[in-house]
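Secondary and tertiary structure notes
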Amino acid sequence: MSTMSQNNLEGQRALVTGATSGIGRAVAFQLARDGAEVLVHGRDAARGAETVQEITAARGKASFVAADLGDVTDVQRLATDVGDVDILINNAGIALFGATAEFEVSAFDKMFASNVRAPFFLVAAFAPGMAARDHGSIVSVSSMAGGVGLVGGAAYGATKASLEAMTRAWAAEYSASGVRVNAIAPGPVYTPTPSGPDFITALGETTPMHRAAQPEEIAEVVSFLASPRASYITGTTVAADGGRRAI
Ligand SMILES: NC(=O)c1ccc[n+]([C@@H]2O[C@H](COP(=O)([O-])OP(=O)(O)OC[C@H]3O[C@@H](n4cnc5c(N)ncnc54)[C@H](OP(=O)(O)O)[C@@H]3O)[C@@H](O)[C@H]2O)c1
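Residues numbered from 1 in each chain as written. Predicted model: local features only at pLDDT ≥ 70, side-chain atom pairs only at ≥ 80, totals over all residues. Heavy atoms only, no water.

Considerations on the overall build of the protein
To keep things clear, this is the line we draw: Numbering of helices and strands runs from the N terminus, with a helix taken as a DSSP run of H or I at least four residues long and a strand as a DSSP run of E at least two residues long. We take the radius of gyration over the C-alpha atoms and set the globule estimate at 2.2 Å times the residue count to the 0.38 power. Burial status follows relative accessibility: with a 1.4 Å probe on protein chains alone, a residue under 20% of its type maximum counts as buried, one over 50% as exposed, and anything between as partly exposed.
Summing up its helical and strand segments, the protein has 7 helices and 7 strands in all. Since a compact globule built from 247 residues should have a radius of gyration of about 18 Å, the 17 Å found for the protein is in line with a globular shape. Dimensions of the protein, computed from C-alpha atoms along their principal axes, come out at roughly 45 × 40 × 35 Å. For the protein, buried positions account for 50% of its 247 residues.

See below:
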């Protein structure tokens, strides 16, 4: 990793959920490169320490915070422990695909808990403080599955469509108080997702660009939306999906 060069987030604190892996990890690196102090969230303390170590080795500022977002009490405990943040990235989530008729109730509930309930209560915890300070940016990581029908993706797509609906409502609720709220809907991205690399490659083939993305390509867009460079953007979901949602 190249040495951090400070950009336009100097003095800002950012919480990135699910930053121990994949897209969240790349977002944590990018925000730290842009000058933010990054709170790297996850459950796996070893991967959290590794992420923090790589950021600090490149002269970025980072620390690890653990919480299980499937447990709403732990979500609220996380918010209390973290204190005020200027940027919240709701990235943590799980993608479970399966035939509707065979989908387990426990998998459905687990996905809604981490993908929908946790972002809702994190925004409930952090947005009022941002609004009181007249300053803040929230970016949630949705998916193209929230906007296109994928075989086996009914439940997962529903979690992401919910996240996009909440994003619009939060923008209506908080934008007048200086808090911008947006989402990004990535197409397939090479991460250690349970779906596996073959599934990601096959999905990438269905895009007009005939490929999946690298996490850094998503992190670029997230860091833009989080930054003052996106000062007139709120309430929207930006597609970063190789054109898949357009066709
Ligand atoms: N990969 C894709 O193709 C793709 C495409 C579109 C959208 N997305 C979305 O992008 C986001 C990140 O996906 P990814 O592929 O980068 O995932 P990933 O590599 O599997 O990483 C998931 C991250 O979320 C954390 N996490 C998951 N459930 C959690 C829970 N209950 N409590 C706390 N942390 C939890 C994990 O933390 P620990 O491992 O430390 O527990 C990990 O840091 C997700 O919201 C996903 O839906 C992914």
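Having put the structure on the table, let's press on.
Some details on the environment of valine 116
Definition in use: In this analysis, two residues are considered to be in contact whenever any of their non-hydrogen atoms come within 4.5 Å of each other.
Residue position: valine 116 is located in helix H4 (residues 105-132). By relative accessible area, which is 13% here, valine 116 ends up buried. The sequence separation of valine 116 and aspartate 198 amounts to 82 residues, and the corresponding C-alpha distance is 27 Å. Those residues in contact with valine 116 that sit more than four places away from it in its chain are Met111, Thr159, Ser162 and Met166.

Structural notes on the site of the ligand
Applied cut-off: Nearness here has a simple test: a residue counts as near a molecule or strand if at least one of its heavy atoms is within 4 Å of that partner. Pairs of N or O atoms within 3.5 Å make up the polar contacts considered here, provided that, within protein, one atom can donate a hydrogen while the other can accept it, and that residues adjacent in sequence are counted only when both atoms are side-chain atoms. Each accessible area is a Shrake-Rupley estimate made with a 1.4 Å probe; only the visible protein chains count as cover when residues are assessed.
Lining the immediate surroundings of the ligand are 32 residues, of which Ser21, Arg43, Arg47, Tyr156 and Thr191 lie closest. Between the ligand and the protein, one listed contact pairs an oxygen atom with a side-chain N or O atom of serine 21 at 2.6 Å. Within the contact set of the ligand, an oxygen atom lies 2.9 Å away from a side-chain nitrogen or oxygen of lysine 160. Coverage of the ligand by the protein chains reaches 91% of its 890 Å² of free accessible surface.

Here we look at the pairing of strand S6 (residues 179-186)
Note on strand geometry: in a regular strand, side chains alternate between the two faces of the sheet. Rules: What makes two strands pair is DSSP finding at least two bridges between them. Orient the strands so they point away from the viewer, and a crossover whose first-strand-to-second-strand path over the helix runs clockwise is right-handed.
Judged by how many residues are buried, S6 sits mostly within the fold: 8 of 8 residues are covered. Residues Val179, Val181, Ala183 and Ala185 point to one face of S6 and Arg180, Asn182, Ile184 and Pro186 to the other, with burial holding for every one of them. Where strand S5 (residues 136-141) and S6 come together, 6 bridges link them in parallel fashion. Paired with glycine 136 across the bridge in S6 is valine 179. Handedness of the β-α-β unit built from S5, helix H5 (residues 154-174) and S6 comes out right-handed. When S6 meets strand S7 (residues 237-240), the two strands line up parallel, connected through 4 bridges. Looking at the pairing, alanine 183 lines up with threonine 237 of S7.

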